[in-house]
Amino acid sequence: MRHGRPSEEQLRRNFDSVLTAVLSGRGVRTETGLDHRTETALWAVRRAHPNPPDALVAAARRAFAGQLDGTNAAAWRAEMDRRIAARGTDPSP
């Protein structure tokens with residue numbers, strides 16, 4: 001069992017390992033520390049097996065870069081803030 005968050009080096013190793021897996025037709029394993037946006041991009045590569053376009057692989061790499069630099073988390077927080085604000089003005093539960 002892992003305690004705490006994975007280091008950047010662990011995340012990089014995990015991403016590289018999962019990317020290799022999806023390029024060879026295997027799925028995205030759980031408990032990698034990769035965020036939802038990165039996993040979604042990796043699944044898109046997997047679904048395109050056996051010949052994923054370079055654009056999908058590049059999108060997965062960009063998604064992972066967004067995880068490392070905090071862009072993905074900031075986008076998620078902004079979306080949650082937007083949804084919460086919208087619920088505050090919506091009378092339905």
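Values in this document were obtained by computation on a predicted structure and should not be read as measured data.

1. Section: the packing of helix H1 (residues 8-23) against helix H2 (residues 36-47)
Look at H1 against H2: their axes get within 8 Å of each other, and the N-to-C directions meet at 25 degrees. Classified by the interaxial angle, the pair formed by H1 and H2 is roughly parallel. Classified by chirality, the crossing of H2 by H1 is right-handed. Residue-level contacts link Phe15, Val18, Leu19, Val22 and Leu23 of H1 to Thr38, Leu42, Val45 and Arg46 of H2.

2. Thoughts on the packing of aromatic side chains
Under the criterion given, the structure shown has one aromatic pair. Relative to phenylalanine 64, the ring of phenylalanine 15 lies with its centre 4.5 Å away and its plane at 5 degrees, an arrangement referred to as stacked. Separated by 49 residues along the polypeptide, phenylalanine 15 in helix H1 and phenylalanine 64 in helix H3 (residues 54-69) bring together distant segments of the chain.

3. Details of H1
For an α-helix, the turn length of 3.6 residues means that residues three or four places apart are oriented alike. Its 16 residues place the ends of H1 22 Å apart at the C-alpha level, agreeing with the 22 Å of an ideal helix rising 1.5 Å per residue. Of the residues making up H1, those classed as buried are Leu11, Asn14, Phe15, Val18, Leu19, Ala21 and Val22. Along the axis of H1, the buried positions cluster into a sector of 160 degrees, meaning they face one direction only. Residues of H1 that are buried in the fold lie against H2 and H3. Once H1 finishes, glycine 25 follows within two positions and takes phi at roughly 100 degrees, a positive value.

4. Brief notes about the environment of arginine 13
The topology assignment puts arginine 13 in helix H1. For the pair arginine 13 and threonine 32, spaced 19 residues apart in sequence, the C-alpha to C-alpha distance is 9.5 Å.

5. Digging into the pattern of salt bridges
Pairing between side chains of opposite charge can happen when the charged atoms of each approach one another. A full pass over the atoms with the stated rule returns four salt bridges. Across the pair glutamate 9 and arginine 13 runs a salt bridge, and its minimum N-O distance is 3.7 Å. Here arginine 13 and glutamate 9 lie together in helix H1, a separation of four residues that amounts to about one turn. With its nearest N and O atoms 2.9 Å apart, the salt bridge here joins glutamate 79 to arginine 83. Of this pair, glutamate 79 and arginine 83 both sit in helix H4 (residues 71-89), four residues apart, roughly one helical turn. Residue class for glutamate 79 comes out partly exposed when judged on its relative accessible area of 26%. Connected through shared salt-bridge partners, Glu79, Arg82 and Arg83 make up one network.

Procedures and definitions
Residues numbered from 1 in each chain as written. Predicted model: local features only at pLDDT ≥ 70, side-chain atom pairs only at ≥ 80, totals over all residues. Heavy atoms only, no water. Axes fitted to C-alpha atoms, helices over the stretch in contact; angles between N-to-C directions. Helix = DSSP H or I, 4+ residues; strand = E, 2+ residues; numbered from the N terminus. Parallel < 35°, antiparallel > 145°, perpendicular 65-115°, else oblique. Left-handed = near helix turned anticlockwise from the far one by under 90°. Contact = heavy atoms within 4.5 Å. Phe/Tyr/Trp six-rings, centres within 6.5 Å; stacked < 30°, edge-to-face > 60°. Expected span 1.5 Å × (residues − 1). Buried < 20%, exposed > 50% of the residue type's maximum accessible area, 1.4 Å probe, protein only. Arc of directions from axis to C-beta. Salt bridge = Lys/Arg side-chain N within 4 Å of Asp/Glu carboxyl O.

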